[in-house]
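Observations on the three-dimensional arrangement
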Amino acid sequence: MTQKNVTIGFPLHTATLSGGDWSTARPLDRALSPVLSDPARSTGLATPDTQFVATFDSTLPTGCVALCDHNLSLQAQVRVELLNSADEVLADSGWKDAWPEVYGAYSLAWGDPSYMSLRPDARELEQEIGTFVHLFDQNRLASKVRVSIDDTANPDGFVDLGFVAFATANELTVNPQYGATEGFEARSKRQTSAGGVDTYERRNKPRIFQAEAFMPRTERRSLIDRMQRELDLDGVFIFIQEPSEPLFKPLTQWAARLAELTPSQRAMPDHDRVPIRFKQVL
């Protein structure tokens, strides 16, 4: 992986999915819709049951593959292969952990369930929108993508895929400026009774990322302007905040939407100051 700066998976490729063994009630093609609450579901956990192939309607530059809101266990591994029209392998990710490390060495108290592995505890996964993203070292002209999942010990007894995405990887020439903010947008509701007692209704909360990028005008027009034009506020892309950071990947890469369509400012000849605000798809 050579990407170091913020990378955006856009545009997403139109694809048809085939292979594996998937529930009649929750077929594989459900994973093409970013309605994460309505996932595709495998009938079992054998590796052939959870393997599938995405076929594009043409040969397209592909460098980013994402599995969003999956239920993969801590033991799961994923392999992604880019193929040409003759099914020859153009690039192979090899087997990758679905849940890589998210804690730094000695950052946890002794005895914490994640102290030795540095990976999230199984209880943490219940509150996380699991997103696996693989970035290849460069875009390749691919006609197909083969995704293999090895999760034969998943306690759920099946694999769920809320949304799968295949995209061109666009690394920003310059990372967003210092002062970028990241966190959550609160959605939970609080109501105060006449007696002053607060009651709460917990709701899912999206991650947000807000920053100001300084980029060549040609890049702003070919990427950011195109995203605003084609996606508006409802279209989806893949956001990878720190491609070269080995930690925190499940927390810093997600399916996203533009939170607002912000105009850019001409900062100097041939370079623009570009405000960006991304919001996680729930």
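As shown above, the structure is provided for reference.
Now for a description of the structure that goes with this document.

**Digging into the pattern of salt bridges**
With the rule as written, the count across this model stands at 17 salt bridges. Where Arg203 meets Glu201, a salt bridge forms, and the shortest distance between an N and an O atom there is 3.2 Å. Judged by its relative accessible area of 36%, Arg203 is partly exposed. Measuring nitrogen to oxygen at the nearest pair gives 2.6 Å for the salt bridge that ties Asp272 to Arg220. Taken together, the residues span a long stretch of sequence, with Asp272 in strand S17 (residues 271-280) and Arg220 in helix H3 (residues 217-231) at a distance of 52 residues. Salt bridges sharing partners connect three or more residues here, namely Arg79, Glu81, Asp92 and Arg146.

**Quick notes on the pairing of strand S5 (residues 77-83)**
Of all seven residues making up S5, five are buried, and the element is well covered by its neighbours. The pairing of S5 with strand S7 (residues 96-97) spans two bridges and is classified as antiparallel. Across the sheet, Gln77 pairs through a bridge with Asp97, a residue of S7. Where S5 and strand S8 (residues 130-150) come together, seven bridges link them in antiparallel fashion.

**Looking at the pairing of strand S16 (residues 265-268)**
Alignment of S16 against S17, held across three bridges, turns out to be antiparallel. Considered in S17, the bridge of Gln265 is made with Arg273. Taken together, S16 and the strand that follows it, S17, pair antiparallel across an intervening segment of two residues, in which Asp270 is found at a positive phi of about 70°.

**Let's talk about the side chain of Asn5**
You can see Asn5 is positioned in the segment before strand S1 (7-12). For Asn5, a relative accessible area of 15% translates into the label buried.

**Overview of unusual backbone geometry**
Between Phe10 and the following residue, Pro11, the backbone shows a cis peptide bond with an omega angle of -5°. Topologically, Pro11 is positioned in strand S1. Phi is positive for Asp69, close to 55°, though the residue is something other than glycine. Secondary-structure assignment places Asp69 in strand S4 (residues 52-70). With a phi close to 65°, Leu118 is a non-glycine residue in the positive phi region. Secondary-structure assignment places Leu118 in the loop between S7 and helix H2 (122-125).

**A word on the nonpolar core**
Judged by nonpolar contacts, the single largest core of 33 residues is most densely connected at Phe52, Leu67, Val145, Val147, Leu161 and Phe166. Of all the secondary structure elements, the ones that give two or more residues to this core are strand S2 (15-18), S4, S5, S8 and strand S9 (160-171). Sequence-distant contacts of Leu67, that is, excluding residues within four places in its chain, are made with Phe52, Val78, Gly130, Thr131, Phe132, Val147, Ile149, Leu161, Phe163 and Val164. Counting 20 residues, the second largest nonpolar core, distinct from the first, contains Ala213, Ala256, Leu258 and Val274.

Cut-offs applied
Residues numbered from 1 in each chain as written. Predicted model: local features only at pLDDT ≥ 70, side-chain atom pairs only at ≥ 80, totals over all residues. Heavy atoms only, no water. Salt bridge = Lys/Arg side-chain N within 4 Å of Asp/Glu carboxyl O. Buried < 20%, exposed > 50% of the residue type's maximum accessible area, 1.4 Å probe, protein only. Helix = DSSP H or I, 4+ residues; strand = E, 2+ residues; numbered from the N terminus. Pairing = 2+ DSSP bridges. Core = buried A, V, L, I, M, F, W, Y, C linked by side-chain atoms within 4.5 Å. Contact = heavy atoms within 4.5 Å.

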